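Tertiary structure, described
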Amino acid sequence: MIEITSNLKPIREQRKISQQELADISGISVRMIRYYESLDAMPSIINAYKLSQILDVPISELFPATDS
């Protein structure tokens, strides 16, 4: 079974960007940023791309798939 994990929060924190700042820059609501970080929701490919560009990492690093 493939499991998706979220590295969004640690990468965001490493870059010293708050959820609010990321929301303001990306145009994605703070609520959705929180959902993405907790995996209560998965971003659309467009939003995943925006986040990866802002944080300067590949999408696969933000939301890696692992074999479980």
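A brief look at the structure comes next. Predicted, not measured: the structure shown is a model, and the values here were computed from it. (Residues numbered from 1 in each chain as written. Predicted model: local features only at pLDDT ≥ 70, side-chain atom pairs only at ≥ 80, totals over all residues. Heavy atoms only, no water.)

Concerning the environment of Leu 55
Test applied: In this description a helix means any DSSP run of H or I spanning at least four residues, a strand means any run of E spanning at least two, and both kinds are numbered starting from the N terminus. The cut-offs for exposure are 20% and 50% of the maximum accessible area for each residue type, with area from a 1.4 Å probe on protein chains only; residues under the lower value are buried, those over the upper are exposed, and the others partly exposed. Contacts are residue-level and defined by heavy atoms, with any inter-residue pair within 4.5 Å sufficient.
Structurally, Leu 55 is set in helix α4 (residues 45–55). Take Leu 55: its relative accessible area is 0%, and that puts it in the buried class. Excluding residues within four positions of it along the chain, Leu 55 makes contact with Leu 8, Ile 11, Arg 12, Arg 15, Ile 17, Leu 22 and Leu 62.

A look at unusual backbone geometry
Non-glycine residue Lys 16 carries a positive phi angle of around 60°. Counting through the fold element by element, Lys 16 comes out in the loop between α1 (8–14) and α2 (19–26). Owing to a relative accessible area of 72%, Lys 16 belongs among the exposed residues under this scheme. In this structure, Asp 56 takes a positive phi of about 60° despite not being glycine. Note on placement: Asp 56 falls in the loop between α4 and α5 (59–62). What makes Asp 56 exposed here is its relative accessible area of 65%.

Thoughts on the pattern of salt bridges
To keep things clear, this is the line we draw: We count a salt bridge whenever a side-chain nitrogen from Lys or Arg sits within 4 Å of a carboxyl oxygen from Asp or Glu.
Tallied over the entire structure, the rule returns 1 salt bridge. Two residues, Glu 37 and Arg 12, come together in a salt bridge whose shortest N-O distance is 2.5 Å. Residue Glu 37 is found in helix α3 (residues 30–38), and its partner Arg 12 is found in helix α1; the two are separated by 25 residues along the sequence. What makes Arg 12 buried here is its relative accessible area of 6%.

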